[in-house]
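Take a look at the letters that make up each chain.
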Amino acid sequence: MRRIRLDGEWELQALRVEENSYDVRDGSRFPMDIPGCVQDALIEDLVVPDPYYARNELETLFIGRSDWRISRTFDLRKRDGRTYILRLEKVDTIATLAINKVNVASFDNEHRIYEIDVTDALQDGENLVEFDFTSSEKVALERQSRLEHPIPCSRYMHDSPARNLVRKAQCNAAWDWGLCMQTIGIHESVMLFECEDFHLSSFSVIPKRKGCDWELQVKAFVKVFHDCEVSLRLRCAGRKMEKVIILHTTDEAFCINMEIPSFAVELWWPNGLGDQPLYDVLFELGDYESTRKIGFRTIEVRNGMTMGGKELTVVVNGQPVFCKGANWIPLDARPCRMKAERYDSIIRDARDANMNMIRVWGGGWYEKEAFYDACDRYGILLWHDLMFSCSTYPAEDWFLESVEKELRDQVRRLGSRTCIALWCGNNECLGALGWYEETRANLPLYLKDYEKLYSNWIDRILVEEDPSRMYWPSSPCAGPGDYSDNWHSDGNGDMHYWTVWHERKDFESYHSVRPRFCSEFGYQSFPSLSEVRSFAPEDEFSITSAVMEHHQRNEEGNSIIYEMFSRYFRQPAGFENQLYLSQVQQAYAIGTAVTYWRGLMPYCMGTLYWQLNDVWPVSSWSSIEYSGKWKPLHYAAKRFYSTVAPLVYTDDGRLFVKVCNDGREAFSGRCRVSLLDFSGCQVRSMESEVTVGSLEVVTVLEEKLDGLDAGSCYACVSFGGVEETLLLSRPKDAGIVDPGLGYEVSEKGDVFLITVRAEKPAFYVVPDAGPIRGRFDDCLFTLMGERTLVFTPYENVQLEDFRANLKVYDLYSALNEG
């Protein structure tokens, strides 16, 4: 077997180009790297501007509406008696392939993995490879014109229509946080295999408990060209198997098992519950050699009736897990920027914020290997949607057949991943049956299509391909076979709770529901000032400027943020403080929800807020900006997702202080509760020793606020090394005073020290290093007196530059400057 990698420089040629303002015409040629996409090639070659800056996106939409050819030549010493297999992943999306002018394949699904026998088309010497891509938007509209009945989908600002009729990342067509970039290209390596008797397509390995020990269940997928004897070797955790097997031309797959004694391996645990040891599995078949890294763990998802409804509880190694985390969207709208280092960094950021689960949202794509590597490494469980979102979808044979191939390809690729906890059929497609005029008018028709796709078709495929994991039909839903309204019903399965954002309810409305598992809820903020500078000139530094509004893709987003300013904080002074306060408000909202819902454990067993990351610089629900900078929400998550944490909130005129523990062992510690006035003087305090068991919540204090002037004091609670502060009234009604905030900066080794002082209590203190990449050890806290913060830069930075870029915000100053 010989591998030939066809990556590197190819040629891009415009075939049929939409009208544009640039020097791109039919027949225009440009260099292009593969893996890569047309948009990236034209941006990198300075043919078109950066679509992330200002409103340049609108100038680049023509690329996705045009047709393109990507080609190259390569030399091959072709050998008689050999079979040549071309392997392609993430061909995006509608294309044909010709080799030496002979058509050999067509493509219409970005999520497929294609292995094509190109033996007859190849020749000894120079070979010409040509991919002709047709605009997916054109194809979608043509398919739409031929539908027997409408297949509606949700629409977004500047979007590409009929996205649900083409199997590519749905958010490429735009979303309410994302630009429209209908990418065209090949996003993974192009590999040519020269094979003798057979080809190993892939293999999966799943460890299963067998008594007290383990059994590795290995399944290999092969293409056999001649009956043959092949040597097989399997190694893992110091154990090995060697044998000779016979492959027949009728074989497509075979299974082998190998026992691993329990003493040879340690258990893999989600973050916060234990370590994440990974073991190499080496699989050799003839001259093919492949490896996987696996963790040894058991996993189940419980959906039985408990406490008056259907639970949704993830159980790892027999331990129920309170799932803490956020929702994941693609790392970037530009595939060339999806680097392994960025995946590692952002998943490490999730781990460092005490998360143990991420939901891979169904409007993106099946991620790159580097993503799953990082989740396995850092103990991040995955709720993994299949790639369907916010739409109805066809149930016609051509669509079902494409989906079946897609799912078999991807589940075989990903089935070995330790981090994947469950497969979920779609994002909000069950709820979408009630969104559109067409579906409401003929619900039985669309429900029949829905059941055919998700219940009959996808369910069957996943049971066949991966019986080791639960298939959850939709998010949100109450469970298999249940079509309840889980947008507003909170007693069963998973819930999406958007009443606060979309319906503009008060933050206290989070207390009105008791979800068993809340897999989506969110609140927007504006980007930080340094993020705004990355896409807007200073003359656009206004929330209502054309550029800022272009980078706000939720049509009501700005008005919702401003309305809540008025309800909770008052209007801040100036553009910079508007950005700051929006991020404080976002953390306030999400903290309100998580604090209350964690207090319901074990009735509630998961909170995944929307969303972790961004695909470009934008106003959004993310806790990490596109640049990688933590918003205050992410720092807050590090506290409110701590394994052991105090939970402090007011509800119905009462102050509640609780402590929670979602770890495996009981925890004992001293809980200190203080009430202080806004001069920093203590009004009252109490301390008590508290023991809180695994998956337990203990109420330390429940007290009516009748005897307190809630606008004149605040609560400070510490437990388990975590301190939380709570204003007892809405911030705008609190009598906070000028804290006299100041700070000094020094350098110590590779870090910077920021000594912050406040004469009176300073609330929502947020240090910000501007564009300097790095992380503070804390942010979004209350300060009285003096405290030294540590900033760790990710690259070499001079003290003078850090000092010049540093700013420390607080609530009083934001509301009173100028």
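Fair warning: this is a prediction, and the values are worked out from it, not measured in the lab.

## A few points about the environment of Val-594
Residue placement: Val-594 occurs in helix H13 (residues 575-598). Once the C-alpha coordinates of Val-594 and Thr-607 are considered, the two residues, 13 residues apart in sequence, prove to be 6.8 Å apart. Setting aside residues up to four positions removed in sequence, Val-594 forms contacts with Phe-521, Thr-607, Phe-640 and Tyr-641.

## What about the layout of surface pockets?
Leftover empty space is mapped by rolling, across the atoms, a probe with the size of a water molecule. Considered as a void within the structure, the largest pocket measures approximately 1400 Å³ in volume. Lining the largest pocket are 42 residues, and of these Arg-87, Glu-89, Ser-201, Ser-202 and Arg-292 sit closest to its centre. For the lining of the largest pocket, the element with the highest residue contribution is helix H6 (residues 397-414), accounting for six residues. Residue classes in the lining of the largest pocket are distributed as 13 nonpolar, seven polar and 22 charged. Each pocket or cavity is described by its volume, and for the second largest pocket that value is around 1000 Å³. Lining the second largest pocket are 39 residues, with Glu-724, Thr-725, Leu-726, Leu-727 and Tyr-764 positioned closest to its centre. For the lining of the second largest pocket, the per-class residue count stands at 22 nonpolar, nine polar and eight charged.

## A few points about the nonpolar core
Counting residues in hydrophobic clusters, the biggest one holds 185 residues, and the most contacted among them are Trp-597 and Phe-802. With 13 residues, the single largest contributor to this core is H13. Among residues more than four places away in sequence, those in contact with Trp-597 are Tyr-497, Tyr-510, Val-513, Pro-515, Cys-518, Phe-521, Cys-604 and Thr-607. Formed by 43 residues, the second largest nonpolar core is a distinct cluster that contains Ile-4, Val-129, Ile-184 and Ile-186.

## Considerations on the state of the cysteines
Counted according to the given criterion, the structure contains zero disulfides. With no disulfide of its own, Cys-236 lies 17 Å from the sulfur of Cys-419, the closest cysteine sulfur. Here Cys-518 is not cross-linked by a disulfide; its sulfur's nearest cysteine counterpart is in Cys-604, at 7.5 Å.

## Considering the packing of aromatic side chains
For the coordinates displayed, the defined rule picks out 58 aromatic pairs. Seen in terms of ring centroids, Trp-175 and Trp-361 are 4.9 Å apart; in terms of plane orientation they differ by 80°. Their pairing is edge-to-face. With Trp-175 in the loop between helix H3 (136-145) and strand S12 (185-186) and Trp-361 in the loop between strand S27 (357-360) and helix H5 (369-378), the pair connects residues that are 186 residues apart, well separated along the chain. A residue is classified by how much of its surface remains accessible, and Trp-175, at 4% relative accessible area, is buried. A residue is classified by how much of its surface remains accessible, and Trp-361, at 2% relative accessible area, is buried. When the ring of Tyr-497 is compared with that of Trp-597, the centres are 6.3 Å apart and the planes differ by 85°; the resulting orientation is edge-to-face. Pair noted here: Tyr-497 is in the loop between strand S31 (495-496) and helix H9 (499-502) and Trp-597 is in helix H13, with a separation of 100 residues, a long-range link. Taken together, the ring pairs in this structure connect Trp-498, Trp-501, Phe-507, Tyr-523, Tyr-568, Phe-569, Tyr-588, Trp-621 and Tyr-764 into an aromatic cluster. Against the face of Trp-457 rests Arg-460, its NZ or CZ located 4.7 Å from the ring centre. The aromatic ring of Phe-781 is capped on one face by Arg-787, whose charged end is 4.3 Å from the ring centroid.

## A few points about the side chain of Ser-530
With respect to the element layout, Ser-530 can be found in helix H10 (residues 529-533). By relative accessible area, which is 16% here, Ser-530 ends up buried. Looking at Ser-530, its side chain comes within polar contact range of the side chain of Ser-528, at 3.3 Å. Separated by 2.9 Å, the side chains of Ser-530 and Lys-629 make a polar contact. Beyond its immediate sequence surroundings of up to four residues, Ser-530 is in contact with Lys-629, Gly-770 and Pro-771.

## Description of the environment of Leu-799
Along the polypeptide, Leu-799 turns up in helix H15 (residues 799-805). Between the C-alpha atom of Leu-799 and that of Glu-747, which follows or precedes it by 52 residues, the distance is 6.7 Å. Discounting residues that sit within four places of it in the chain, Leu-799 has contacts with Val-745, Ser-746, Glu-747 and Phe-752.

## Observations concerning the sheet that holds strand S17 (residues 239-247)
An order of S17-S16-S19-S20 is seen for the four strands of this open sheet, with the pairing classed as antiparallel. Of all strands in the sheet, those bounded by a partner on one side alone are S17 and strand S20 (288-294). The average angle at which neighbouring strand axes cross in this sheet is 15°, direction not considered. Sheet topology places strand S19 (residues 279-285) next to S20; seven bridges connect them, and they run antiparallel.

## Some words on the side chain of His-550
The residue His-550 is located in helix H11 (residues 546-550) in this model. Ignoring sequence-local partners within four residues, the contact set of His-550 consists of Ala-54, Arg-55, Glu-57, Leu-58, His-158 and Trp-616.

## Concerning the sheet that holds strand S35 (residues 654-661)
Adjacent strands of a sheet form backbone hydrogen bonds with each other and so pair up, either parallel or antiparallel. Taken in spatial order, the three strands line up as S34-S35-S38 in an open sheet, and their pairing is antiparallel. A single partner strand is all that each edge strand has here, and the edge strands are strand S34 (644-651) and strand S38 (696-704). The average angle at which neighbouring strand axes cross in this sheet is 15°, direction not considered. Looking at chain direction, S35 and S38 are connected through eight bridges and run antiparallel. When the bridges of S38 are listed, Leu-655 appears paired with Glu-703. Seen against the sheet, H13 touches S34, S35 and S38 and runs at an angle of roughly 110° to S34.

## Structural notes on empty space enclosed by the protein
On inspection of all chains with the given rule, the structure shows nine cavities of 30 Å³ or more. Size it by volume and the largest cavity reaches roughly 150 Å³. Residue lining of the largest cavity: 18 residues in total, with Lys-629, Trp-630, Pro-767, Asp-768 and Phe-776 positioned closest to the centre. Elements with a minimum of two residues in the lining of the largest cavity: helix H14 (632-640), strand S42 (751-768) and strand S43 (774-776). Top element by residues in the lining of the largest cavity is S42. It accounts for three residues. Classifying every residue of the lining of the largest cavity by side-chain character gives ten nonpolar, four polar and four charged.

## A look at unusual backbone geometry
Here the amide bond leading from Ile-34 into Pro-35 is cis, since omega sits at 5°, within 30 degrees of zero. Examined against the element boundaries, Pro-35 turns out to sit in the loop between strand S3 (29-34) and strand S4 (36-37). Cis geometry is adopted by the peptide bond preceding Gln-611, which originates at Trp-610 and carries an omega value of 10°. Residues other than glycine seldom take positive phi values, yet Ala-54 does so here, at roughly 50°. Tracing the sequence through the fold places Ala-54 in the loop between helix H1 (38-44) and helix H2 (57-64). Phi is positive for Arg-504, which is not a glycine, with a value near 60°. Position of Arg-504 among the secondary structure elements: in the loop between H9 and strand S32 (518-520). For Arg-504, a relative accessible area of 23% puts it in the partly exposed group.

Definitions and limits used
- Residues numbered from 1 in each chain as written.
- Predicted model: local features only at pLDDT ≥ 70, side-chain atom pairs only at ≥ 80, totals over all residues.
- Heavy atoms only, no water.
- Helix = DSSP H or I, 4+ residues; strand = E, 2+ residues; numbered from the N terminus.
- Contact = heavy atoms within 4.5 Å.
- 1 Å grid on protein atoms, 1.4 Å probe; cavity = no way out; pocket = protein on both sides within 12 Å on 5 of 7 lines; lining within 4 Å.
- Points joined across faces, edges and corners; volume = space filled by probe spheres on them.
- Nonpolar A, V, L, I, M, F, W, Y, C, P; charged D, E, K, R; others polar.
- Core = buried A, V, L, I, M, F, W, Y, C linked by side-chain atoms within 4.5 Å.
- Buried < 20%, exposed > 50% of the residue type's maximum accessible area, 1.4 Å probe, protein only.
- Disulfide = S-S within 2.5 Å.
- Phe/Tyr/Trp six-rings, centres within 6.5 Å; stacked < 30°, edge-to-face > 60°.
- Lys NZ or Arg CZ within 6 Å of the ring centre and 35° of its normal.
- Polar contact = N/O pair within 3.5 Å; in protein donor to acceptor, adjacent residues only side chain to side chain.
- Pairing = 2+ DSSP bridges.
- Axes fitted to C-alpha atoms, helices over the stretch in contact; angles between N-to-C directions.

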